[in-house]
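# What the coordinates show
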Amino acid sequence: MIKRIFQFLKFYFSANTLHGVHSPFVFDFCRKILEDQRNFYAYGDLVTLREQLRQNKSVIDVNDFGAGSLVLPKKKKRISEIAKTSATAVHFAKILFKTALTYQPKSILELGTSLGISTLYFSKANDASKVYTIEGCPNVAKVAQNNFQTSKAKNIQQFTGEFGQSLPNALKEIESLDLVFIDGNHRYQPTMDYFELCMKKSNENTIIVFDDIYWSDEMTKAWTELKNDPRVTQSIDLYQFGYVFFNKDFKEKQHWKLVPLRWKPWQVW
Ligand SMILES: C[S@@+](CC[C@H](N)C(=O)[O-])C[C@H]1O[C@@H](n2cnc3c(N)ncnc32)[C@H](O)[C@@H]1O
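Right, let's walk through the structure included here. The model shown is predicted, which means the values in this text are computed figures rather than measured ones.

Rules used in this analysis
- Residues numbered from 1 in each chain as written.
- Predicted model: local features only at pLDDT ≥ 70, side-chain atom pairs only at ≥ 80, totals over all residues.
- Helix = DSSP H or I, 4+ residues; strand = E, 2+ residues; numbered from the N terminus.
- Rg over C-alpha atoms; globule rule 2.2 N^0.38 Å.
- Buried ≥ 20, exposed ≤ 12 C-beta atoms within 10 Å, placed from the backbone.
- Contact = placed C-beta atoms within 7 Å.
- Pairing = 2+ DSSP bridges.
- Expected span 1.5 Å × (residues − 1).
- Arc of directions from axis to C-beta.
- Core = buried A, V, L, I, M, F, W, Y, C linked by C-beta atoms within 7 Å.
- Axes fitted to C-alpha atoms, helices over the stretch in contact; angles between N-to-C directions.
- Near = placed C-beta within 6 Å.
- Nonpolar A, V, L, I, M, F, W, Y, C, P; charged D, E, K, R; others polar.

## A short note on the overall build of the chain
The helix and strand inventory of the chain stands at eleven helices and ten strands. In summary, the chain has a C-alpha radius of gyration of 18 Å against a globular reference of 18 Å for 269 residues, a match within 12%. Principal-axis analysis of the C-alpha atoms gives the chain an extent of 50 × 45 × 35 Å. When each of the 269 residues of the chain is scored for burial, the buried share is 36%. Contacts in the chain between residues at least 24 apart in sequence constitute 67% of all its contacts with a sequence separation of at least 6.

## Topic: the pairing of strand β9 (residues 241-245)
With five of five residues buried, β9 lies mostly within the body of the structure. In β9, alternate side chains face the same way, and those of Phe241, Tyr243 and Phe245 on one face and Gly242 and Val244 on the other are all buried. Across five bridges, strand β7 (residues 202-211) lies against β9 in antiparallel orientation. Bridge pairing in β9 links Phe210 to Gly242.

## A few points about the pairing of strand β5 (residues 156-160)
Pairing geometry for strand β4 (residues 130-135) and β5, over five bridges, is parallel. Paired with Ile134 across the bridge in β5 is Phe159.

## Quick look at helix α9 (residues 188-199)
Here α9 contains twelve residues, and its C-alpha end-to-end distance of 17 Å stays within 8% of the 16 Å for a straight helix at 1.5 Å per residue. Taken residue by residue, α9 has Pro190, Thr191, Tyr194 and Phe195 as its buried positions. The buried residues of α9 all sit within an arc of 140° when viewed along its axis, so they share a single face. Relative to its buried face, α9 has exposed residues pointing more than 90 degrees away, namely Gln189 and Glu196. Tucked into the core, α9 has its buried residues touching β3 (107-111), α8 (163-173), β6 (177-182), β7 and α10 (217-228).

## Points about the nonpolar core
Counting 65 residues, the largest nonpolar core has Ala100, Leu115 and Tyr121 as the members making the most contacts within it. Sort the elements by how many residues they give to this core and helix α5 (residues 90-103) lands first, with seven residues. Those residues in contact with Ala100 that sit more than four places away from it in its chain are Pro105, Ile108, Phe122, Ala125, Asn126, Ser129 and Leu179.

## Brief notes about the sheet that holds β5
Strands in a sheet are paired, the pairing made by backbone hydrogen bonds, and the direction either parallel or antiparallel. On the basis of which strands lie adjacent, the open sheet formed by eight strands has the order β5-β4-β3-β6-β7-β9-β8-β10 and mixed pairing. The open sheet has two edge strands with one neighbour each: β5 and β10 (254-257). Pairs of neighbouring strands in the sheet enclose a mean axial angle of 15°, with direction left out of account. Relative to β7, β6 is paired through five bridges, and the arrangement is parallel. Paired with Leu177 across the bridge in β7 is Ser202. Lying over the sheet, α10 contacts β7, β8 (234-237), β9 and β10, oriented at roughly 20° with respect to β9.

## With respect to the environment of Trp215
Structurally, Trp215 can be placed in the loop between β7 and α10. Taking C-alpha positions, Trp215 is 7.9 Å from His186, a pair spaced 29 residues apart along the chain.

## Re unusual backbone geometry
Non-glycine residue Ser114 carries a positive phi angle of around 50°. Here Ser114 is to be found in the loop between β3 and α6 (117-125). Positioned with a positive phi, Asp212 is a non-glycine residue whose angle comes to about 55°. Structurally, Asp212 can be placed in the loop between β7 and α10. A count of 19 C-beta atoms within 10 Å places Asp212 in the partly exposed class.

## What about the site of the ligand?
Looking at the ligand, there are 20 residues lining it, with Phe65, Thr88, Gly112, Gly136 and Gly184 nearest. Grouping the amino acids of the shell around the ligand by side-chain chemistry returns seven nonpolar, ten polar and three charged.

What follows is the structure, encoded as structure tokens:
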């Protein structure tokens, strides 16, 4: 815990806001993704859905992938508990929405659907994109499917199964990846493996977003290696998320740590 606080303070005191950014690309990222405070049309319905899930006392049998690819005996969990512990926080879900809105990816891949909250933020950002999402637990995936139907989301394709098998299967169906969100199995080797698999379908404009980059020593190690990967031309660290870019137009490779101008960390974490 002390280590995590120290890590956070280190991030906080070395991060830039929009005022300290000279790169036009990163300035644009700050303006459109971190500083845009507009209340987009989709936010209201998604907040309502999140609240309904947080109140839902139904119990389902859940495969616990906590130890990575090992499928442990099923645990009984309330949907409310899953909604409270697994779903991306509202502030960061909006960041995902604005990422999809800004870069208009044609195809989005998410590892870790859970109840489908973040999937719906991607889906609602751009009807024209196709959102592929993978979840290991079939019962959780079923709840997500129901959420997609009630939200009238027509651009989502679900895959179910442990990422080790389901990711290669999904990639066979996906021609090219424009945006990837890796939000499950936060361990070093699997994260590196998913990155390599996704790279096979990436292009110069692909963006890969890693969740929980400081969650553990393993994830911090993975993030350090990923941002230093020679194929990565620019990286942005938001503490919760790490973004990597491959665009070759940048004059030099740079790593950015960014916070919004009017930042309230206590509302976020
Ligand atoms: C943090 S939750 C995803 C939250 C979701 N993206 C959201 O914001 O609403 C991670 C999900 O990944 C799934 N998961 C974790 N490890 C997995 C693995 N090795 N294979 C398949 N699914 C896995 C879990 O079952 C869990 O539902």
